[in-house]
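Structural features, examined
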Amino acid sequence: MKCPNCGSKNVGKIGGNLFYCRDCFCEIKVKGNNFVIKLYDHEGRIKRVQYING
């Protein structure tokens, strides 16, 4: 799987349909053909949430 946020292949599975990109530090939730991306800052707070139709 490639990260829909940065295009990296450095993505690991957390569980179920939840993934984490180690390059841009985002959490990716797959819902059908859509992605919900949560970007975190260095203190672990959610910085931004994106919805991408895939």
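Here, every reference points to the structure presented above.
Heads up: these notes are all about the structure in this document. (Residues numbered from 1 in each chain as written. Predicted model: local features only at pLDDT ≥ 70, side-chain atom pairs only at ≥ 80, totals over all residues. Heavy atoms only, no water.)

**Side note on the environment of K9**
Structurally, K9 can be placed in the segment before β1 (11-15). Since its relative accessible area comes to 68%, K9 is described here as exposed. With 14 residues separating them in the primary sequence, K9 and D23 have C-alpha atoms 8.8 Å apart. (Helix = DSSP H or I, 4+ residues; strand = E, 2+ residues; numbered from the N terminus. Buried < 20%, exposed > 50% of the residue type's maximum accessible area, 1.4 Å probe, protein only.)

**Comments concerning the sheet that holds strand β3 (residues 26-31)**
To summarise the sheet geometry, strands pair through backbone hydrogen bonds and adopt either a parallel or an antiparallel arrangement. Taken in spatial order, the five strands line up as β1-β2-β3-β4-β5 in an open sheet, and their pairing is antiparallel. The open sheet is flanked by β1 and β5 (46-53), the only strands paired with a single partner. Each neighbouring strand pair of the sheet contributes to a mean axis angle of 25°, computed without reference to strand direction. Pairing of β3 with strand β4 (residues 34-40), which is carried by six bridges, proceeds in the antiparallel orientation. Bridging from a neighbouring strand, K29 pairs with V36 of β4. (Pairing = 2+ DSSP bridges. Axes fitted to C-alpha atoms, helices over the stretch in contact; angles between N-to-C directions.)

**Description of the nonpolar core**
Formed by C3, V11, F19, C21, C24, C26, I28, F35, I37 and L39, the largest nonpolar core amounts to ten residues. Every element with two or more residues in this core is listed here: β2 (18-21), β3 and β4. The greatest single-element share of this core, amounting to three residues, is contributed by β4. With near-sequence residues (within four places) excluded, V11 lies in contact with M1, K2, C3, F19, Y20, C21 and R22. (Core = buried A, V, L, I, M, F, W, Y, C linked by side-chain atoms within 4.5 Å. Contact = heavy atoms within 4.5 Å.)

**Focus on the state of the cysteines**
Here the structure, examined in full by the defined rule, presents zero disulfides. Just so you know, C3 is unpaired, no disulfide at all, and the nearest cysteine sulfur is the one on C26, 3.7 Å from it. A disulfide-free cysteine, C24 has its sulfur positioned 3.4 Å from the sulfur of C26, the nearest such atom. (Disulfide = S-S within 2.5 Å.)

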